[in-house]
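Examining the three-dimensional arrangement
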Amino acid sequence: MGNVNCGCPSNVDTSADREHQLIADWHENKNQPIAKEQAPGCAEFHIEQIEQEELVGEVAGIPVEQAMPSAETAGGSSYMMDDKDKSLIEAAKKEWEEESAIKIKTERQEAWRSDLESARTTMREEQTHCNRPANRYGTDAQLPVFERGRHVPFLGLLNQLSGAMAGLDILSVCKQNDYYRDRCFNIIDVIKGQRRGGLLDVFRIELCLAKEEALALGTRPRLVSGGGDGTGSFALFIVFLALKADDERPDEGLQDTGNGFIWTDEEMAASFPAIAQMPLGSANDFANILGWGQKYPGDKKVACGQPIRYAAMMLHRWWAAVIDPASKISNFDIWGIMPTKGQESCDFKLAELTGKRGTCPNEKIDGQKVLQLKEAGKPIPFFVCLYFSAGFGAYMTARFQLNRHKTPITNRCEYVRQAMAIIAESTPPQLQLRLNGVEIDCEGKPYFPPRRERGTRGRGYREVGFYNINWQAHAMHGANRAPLPARLCSSREPVMFNDGMVDMFRWKFKSLAKNPGLRVQTDKKRDMLLKYSGKQGQGVFFQWDGEARFAFSPTGDEFHIFIRKVMTIPVVLGPYHDKRLTGNVIDGQPVEFGFFGDSDDEKEKVRRRVLQSVRGELDSELNATREEIGAGSFILAEPG
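Considerations on the side chain of Gln472
Assignment of secondary structure puts Gln472 in the loop between strand S14 (463-467) and strand S15 (477-480). With sequence-adjacent residues up to four places away left out, Gln472 is seen in contact with Asp285, Tyr387, Tyr467 and Gln543.

Below is the structure:
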């Protein structure tokens, strides 16, 4: 190729080896800023200006040829690139893009690791609280030394506000002990730390490490869920949230394995953590039925005059049982609120009761006390681990939520106070008398009201629902329905949490005499469909695992709440597990995690519903907006 006049200095090399100079100049100058006021050499000029203008052209959809410098830009003379020039430029550009991508990726990874370390450091730090009493376990309490290769790997999700701040004391002790300080998390901080490099990422990394450690021992990791009865389903939600795949972060361990999660179906089945529930709430039904105690470790008062030493000893024993490979694990049924068959979403909306603290939160308008409602917050009802009911107990729970106290004993007294107040008050117009308007079918057949074909209505009953565990509010139990002689003289099969059945119940105050006592007669069923019919401006309270919501239709149409088994999870049985309460839950079946359904399609619906839950999509589906609450003709409380 002959010399070409491109308006550059005449000493610029345009010989046959020009392509080598092009590449050499590009490598020399690729990291240098472009100075437009300078008169560059030909090779440098073409490479740098072509890079700039070609990138602009690509963004605008302009071909490379049109993005090339014009003759005037090049100094007044035309310049035509041959195919070799274009190929060299494209190769140089591609190399630059690859190196830039690697540089950006490296910087992004370094920033992520820095954020992770910052989150870990904050997690390990002792929190200071004004007017906080001394730690009930002392300042030097020791937990069992974790022996890798012998003890079962675990993580902890603890609510530091539960158990009259016992959760905070236990987290403080964990921070003083190796292994525990890196594996025990404040559950509220984890849910708040969902940003990239936040505490949720740290939890995910530790969960994956625990999985590998457990696999080396031929077992699965364990998860300590510390809090009230609602904490169990909350901890389950966080595990799914941590395992949710993210297509934008595959290089950070969040690559989708084909099921929407970062673990395969086989990994989920073999390594989903087994839950051990630490009793830090008021009733602690979940912890009690699994054998982990009715009160937080070390709560008992002792006469020896050394309560701190005793509390520390009991806490040590509690953790020793959690990490002991000899502690047994069992399957546990999880039930879920699902759309009715043939539907993709639920046909009801939810709100929360609000009002002033005290005996009655309802506002008096025109001489009548009415419910005040607000937009519902977290949690969103999906998983049902323990029990579900509609009616008296749910309304009582909704009122209790406005009057929580700091200690379990005062909380139990509050339940009693609200129950007595409800009995004494007239029914608000937003509720029907007792269970009027409520009908329930199980397995496609009528269940409630009984003898519905004869015109029986729900007004004769106070509550209807089901047990998944044989313990509610430290008082109520269930057993198979039987004639009076059998109820008095023989043992009956109790509620079992892994038999694939809910134990349906219905009761009124007379039932306490008929049972007799607090052992409720139950009927084992595979599912439950609640149908509510009422006027616009009416609805029904329901509670699941001790959390209450008000369900309604903004248009006043009939709505449905359908509940079926959605999955099986593993749980750890504690040293106080009582077969008389649970039945024989160690039944020889393999213990594993799995979504449940009568068909692959039904299982797939559960998987999709779980992903909807952790993505936050159920919030808008279930929680009513202020406009929807107002459209339903309800009294809407002012925000704040």
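Description of the packing of helix H9 (residues 229-243) against helix H18 (residues 600-614)
Relative orientation of the contacting elements H9 and H18 amounts to 90 degrees, with a least axis distance of 9 Å. With respect to their mutual orientation, H9 and H18 come out roughly perpendicular. Residues Phe237, Phe240 and Leu241 of H9 lie in contact with H18, whose contacting residues are Val610, Ser613 and Val614.

Notes on the sheet that holds strand S16 (residues 502-507)
The sheet built from 10 strands is open, its strands ordered S15-S17-S16-S14-S11-S19-S20-S6-S9-S23 with mixed pairing. Two strands bound the open sheet, and with one partner strand each, they are S15 and strand S23 (635-636). Two elements, S16 and strand S17 (residues 519-525), share three bridges in a ladder whose sense is antiparallel. Residue pairing across strands places Val502 opposite Lys525, the latter belonging to S17. Lying over the sheet, helix H13 (residues 392-400) contacts strand S6 (349-354), strand S11 (387-391), S14, S16, strand S19 (539-544) and strand S20 (547-552), oriented at roughly 95 degrees with respect to S11.

Re the nonpolar core
Phe240, Trp319, Phe332, Ile440, Ile561, Met567 and Ile569 are the most contacted members of the largest nonpolar core, which totals 150 residues. Once residues lying within four places of it in the same chain are set aside, the contact partners of Met567 are Leu236, Phe240, Phe332, Asp333, Ile334, Phe383, Phe593, Gly594, Phe595, Phe596 and Val610.

Re the environment of Asp247
Mapped onto the fold, Asp247 is located in the loop between H9 and helix H10 (265-271). Placed 13 residues apart in sequence, Asp247 and Gly260 show a C-alpha to C-alpha distance of 9.6 Å.

Focus: the packing of H13 against helix H14 (residues 408-424)
If you want to describe how two helices pack, look at the angle between their axes and the distance between the axes. Following both chains from N to C, one finds H13 and H14 inclined at 120 degrees, their axes separated by 9 Å at the closest point. Judged by the angle between their axes, H13 and H14 are oblique. With respect to the hand of their crossing, H13 and H14 are arranged in right-handed fashion. Across from Phe392, Tyr395, Met396, Thr397, Arg399 and Phe400 in H13, the residues of H14 making contact are Asn411, Glu414, Tyr415, Gln418, Ala419, Ala421, Ile422 and Ile423. Of the residues contributing to the contact of H13 with H14, the split by class is nine nonpolar, three polar and two charged.

Considering the packing of aromatic side chains
Each aromatic ring pair is characterised by the separation of its centres together with the angle its planes make. One pass over the structure, following the stated rule, counts 38 aromatic pairs. Judged by centre distance (5.3 Å) and plane angle (45 degrees), the rings of Phe240 and Phe272 are tilted. Of this pair, Phe240 sits in helix H9 while Phe272 is found in the loop between H10 and strand S4 (274-279), placing the two residues 32 residues apart along the sequence. Judged by centre distance (6.0 Å) and plane angle (80 degrees), the rings of Phe392 and Phe509 are edge-to-face. Of the two residues, Phe392 sits in helix H13 while Phe509 sits in the loop between S16 and helix H16 (511-514), which places them 117 residues apart along the sequence. Chaining the aromatic ring pairs together yields one cluster made of Phe146, Phe154, Tyr179, Tyr180, Trp292, Trp318 and Trp319. The lysine or arginine in question, Lys508, covers the ring of Tyr461, its NZ or CZ lying 4.6 Å from the ring centre. Over the ring of Phe596 we find Lys565, and its NZ or CZ is 4.6 Å from the ring centre.

What to know about the pairing of strand S21 (residues 559-572)
A regular strand places its side chains on the two faces of the sheet in alternate fashion. The element S21 is largely enclosed, with a buried count of 13 among its 14 residues. Where strand S5 (residues 329-338) and S21 come together, 10 bridges link them in antiparallel fashion. Bridging from a neighbouring strand, Asn331 pairs with Pro570 of S21. Bridge analysis of strand S18 (residues 527-532) against S21 gives six bridges, and the strand direction is antiparallel. Residue pairing across strands places Tyr532 opposite Phe559, the latter belonging to S21. By the bridge criterion, two bridges tie S21 to strand S22 (residues 594-595) in an arrangement that is antiparallel.

Each value, and the rule that gives it
- Residues numbered from 1 in each chain as written.
- Predicted model: local features only at pLDDT ≥ 70, side-chain atom pairs only at ≥ 80, totals over all residues.
- Heavy atoms only, no water.
- Helix = DSSP H or I, 4+ residues; strand = E, 2+ residues; numbered from the N terminus.
- Contact = heavy atoms within 4.5 Å.
- Axes fitted to C-alpha atoms, helices over the stretch in contact; angles between N-to-C directions.
- Parallel < 35°, antiparallel > 145°, perpendicular 65-115°, else oblique.
- Pairing = 2+ DSSP bridges.
- Core = buried A, V, L, I, M, F, W, Y, C linked by side-chain atoms within 4.5 Å.
- Buried < 20%, exposed > 50% of the residue type's maximum accessible area, 1.4 Å probe, protein only.
- Left-handed = near helix turned anticlockwise from the far one by under 90°.
- Nonpolar A, V, L, I, M, F, W, Y, C, P; charged D, E, K, R; others polar.
- Phe/Tyr/Trp six-rings, centres within 6.5 Å; stacked < 30°, edge-to-face > 60°.
- Lys NZ or Arg CZ within 6 Å of the ring centre and 35° of its normal.

It is worth stressing that arrangement in space is one thing and function is another; only the former is reported here.
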